[in-house]
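Observations on chain architecture
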Amino acid sequence: MNEFLERLTAYRTEMNASKNIRGWSWIDCNRAFAEKKHNNDMLAKELFMFLASWGMLRNSFLLRYNWRVLVPVVGLLTEKRFAVLQNADIATIEKNIDLLIELKTEVHSTLNKVRAGYGNNITDTLISKILMGAFGCTIAYDRFVRCGLAAQGLRHTFTKLSVLELCAFYNEHPELEQERQKIKTEDGIDYPPLKMLDIIFWTLNEA
């Protein structure tokens, strides 16, 4: 078993051991967006809880606010033009890469308005965690993941070229898709491909 599969197996074992660990906050958030059964207030609460569990309150302007500040962001995310990005496969990400970067830009603009001049600038870490939590259409470019990417000689900033490079990386490792399907069948968790890569690169550096 290669190192990537070893990391996925360890993560899977931890997830199956308890639903109280923070990895489940991604599942809760992502499912809420994917099911399309919830109003924007509920989605904002789920997204806020996901961001809180992964350190984005203490590391962003969100520390000053509550979940309501994310309602305008959710309004943007739920626009029909972005629906194709929800839990997208690799081919869909590649085909709609410009739309993904457009969404990144618009999320930045929306966040910048709601922060009302408070706190630090809007970071790619925050934006990518929002998109990963809601849509699973990108990795989260946080410190751990960026270090993991750098260690593999991959781009580690949230750009069009980086996302396309990640798509190519996934296609070059068919064992990842096989493992993704196994997790879906056996555990009932449908991780999108980019979320699979997020797990790998985060856990590689965590060690």
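Everything here concerns the structure above.
Now for a description of the structure that goes with this document. (Residues numbered from 1 in each chain as written. Predicted model: local features only at pLDDT ≥ 70, side-chain atom pairs only at ≥ 80, totals over all residues. Heavy atoms only, no water.)

**Some points on the overall build of the protein chain**
Where we set the bar: Helix numbering and strand numbering both begin at the N terminus, where a helix is a DSSP run of H or I of at least 4 residues and a strand a DSSP run of E of at least 2. Restricting the calculation to C-alpha atoms gives the radius of gyration, and the globule rule supplies 2.2 Å times the number of residues raised to the power 0.38. The cut-offs for exposure are 20% and 50% of the maximum accessible area for each residue type, with area from a 1.4 Å probe on protein chains only; residues under the lower value are buried, those over the upper are exposed, and the others partly exposed. Residue contacts are defined here by distance: any two heavy atoms, one from each residue, within 4.5 Å place the two residues in contact. The protein chains shown are the only cover counted for residues, whose accessible areas, like all others here, come from Shrake-Rupley with a 1.4 Å probe. Charge counting follows a simple rule: Lys and Arg are positive, Asp and Glu are negative, and His as well as the terminal groups are ignored. For this purpose, a charge sits on NZ of Lys, CZ of Arg, CG of Asp or CD of Glu.
In terms of regular secondary structure, the protein chain is built from 11 helices and 0 strands. The order of helices and strands in the protein chain, counted from the N terminus, is α-α-α-α-α-α-α-α-α-α-α. For 207 residues, the compact-globule estimate of 2.2 N^0.38 gives 17 Å, and the protein chain sits close to it at 16 Å. When the backbone C-alpha atoms are referred to their principal axes, the protein chain occupies close to 50 × 35 × 35 Å. Across the 207 residues in the protein chain, those meeting the buried criterion constitute 50%. Summarising the internal contacts of the protein chain: among those between residues at least 6 apart in sequence, 65% fall at separations of at least 24. Here the protein chain displays about 9,800 Å² of accessible surface, and carbon together with sulfur accounts for 49% of that area. Averaged over its 26 positive side-chain charges, the protein chain has a centre that lies 7 Å from the centre of its 25 negative ones.

**Topic: the pattern of salt bridges**
Applied cut-off: By convention in these notes, a salt bridge is any Lys or Arg side-chain nitrogen within 4 Å of a carboxyl oxygen on Asp or Glu.
Taken as a whole and judged by the stated rule, the model has 14 salt bridges. A salt bridge links Arg 180 to Glu 177, with the shortest nitrogen-to-oxygen separation between them at 3.0 Å. Here the residue Arg 180 and the residue Glu 177 both occupy positions in helix α10 (residues 174–187), the gap between them amounting to 3 residues, near one helical turn. Arg 180 sits in the buried class, given a relative accessible area of 11%. For the salt bridge of Lys 195 with Asp 198, the shortest nitrogen-to-oxygen distance reads 3.7 Å. With Lys 195 and Asp 198 both in helix α11 (residues 193–206), this residue pair falls 3 residues apart, about one helical turn.

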